[in-house]
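# Analysis of the macromolecular model
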Amino acid sequence: MVNTVPHHKSIETIVSVKHADSVDILETKHKVWVKGKLAKEMTTHDTIPALGDTLMTTQDKNDNTVTGKTKKDYEFYITVQ
């Protein structure tokens, strides 16, 4: 993870998935930085198949085991050329 993006000549990209009912929404944001100024911002949204639910087991504050459903998350692999 990068804490600070250099704004001299860079493209900052943020990729996230938001869970909806039967689909997921892939959001991709780009910020283009040139000479310290934001030159352009672009955001796209795409619907992608939901991966379904998975069982999750956690401990509550009384140390009891709690089981529930949660949405499965995508793994991200990014290739930069």
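Everything discussed here concerns the structure shown above.
A few words on the overall build of the protein. Scanning the protein from N- to C-terminus turns up zero helices and five strands. Helices and strands in the protein line up, N terminus first, as β-β-β-β-β. Radius of gyration (C-alpha) of the protein: 18 Å, far over the 12 Å computed for a compact globule of 81 residues. With respect to the principal axes defined by its C-alpha atoms, the protein has extents near 55 × 30 × 20 Å. Taken over 81 residues, the protein has a buried fraction of 10%.

What follows is about the pattern of salt bridges. Tallying each qualifying case throughout the model produces three salt bridges. Taking the shortest distance from any N to any O, the salt bridge between Lys29 and Glu27 comes out at 3.9 Å. Note on Lys29: relative accessible area 37%, which makes it partly exposed. When the shortest N-O distance is used, the salt bridge between Asp53 and Lys71 registers 3.7 Å. Of this pair, Asp53 sits in strand S4 (residues 53-59) while Lys71 sits in strand S5 (residues 65-71); the two residues are 18 residues apart in sequence, bridging distant segments of the chain. One connected set of salt bridges, linked through shared partners, spans Lys18, Glu27 and Lys29.

With that out of the way, let us pick up the side chain of Asp24. Within the fold, Asp24 resides in strand S2 (residues 23-34). Lys71 is the oppositely charged side chain nearest to the buried, salt-bridge-free Asp24, at an N-O distance of 6.3 Å. There is a polar contact of 3.0 Å between the side chain of Asp24 and the side chain of His19.

Further remarks concern unusual backbone geometry. Phi at Lys35 is positive, roughly 50°, even though this residue is not glycine. Secondary-structure assignment places Lys35 in the loop between S2 and strand S3 (37-49). Backbone geometry places Asp63, a non-glycine residue, at a positive phi of 65°. The exposure class of Asp63 is exposed, given its relative accessible area of 61%.

Rules and cut-offs
- Residues numbered from 1 in each chain as written.
- Predicted model: local features only at pLDDT ≥ 70, side-chain atom pairs only at ≥ 80, totals over all residues.
- Heavy atoms only, no water.
- Helix = DSSP H or I, 4+ residues; strand = E, 2+ residues; numbered from the N terminus.
- Rg over C-alpha atoms; globule rule 2.2 N^0.38 Å.
- Buried < 20%, exposed > 50% of the residue type's maximum accessible area, 1.4 Å probe, protein only.
- Salt bridge = Lys/Arg side-chain N within 4 Å of Asp/Glu carboxyl O.
- Lys, Arg positive; Asp, Glu negative; His and termini not counted.
- Polar contact = N/O pair within 3.5 Å; in protein donor to acceptor, adjacent residues only side chain to side chain.

Everything listed here is a matter of coordinates, which is why it stays silent on function.
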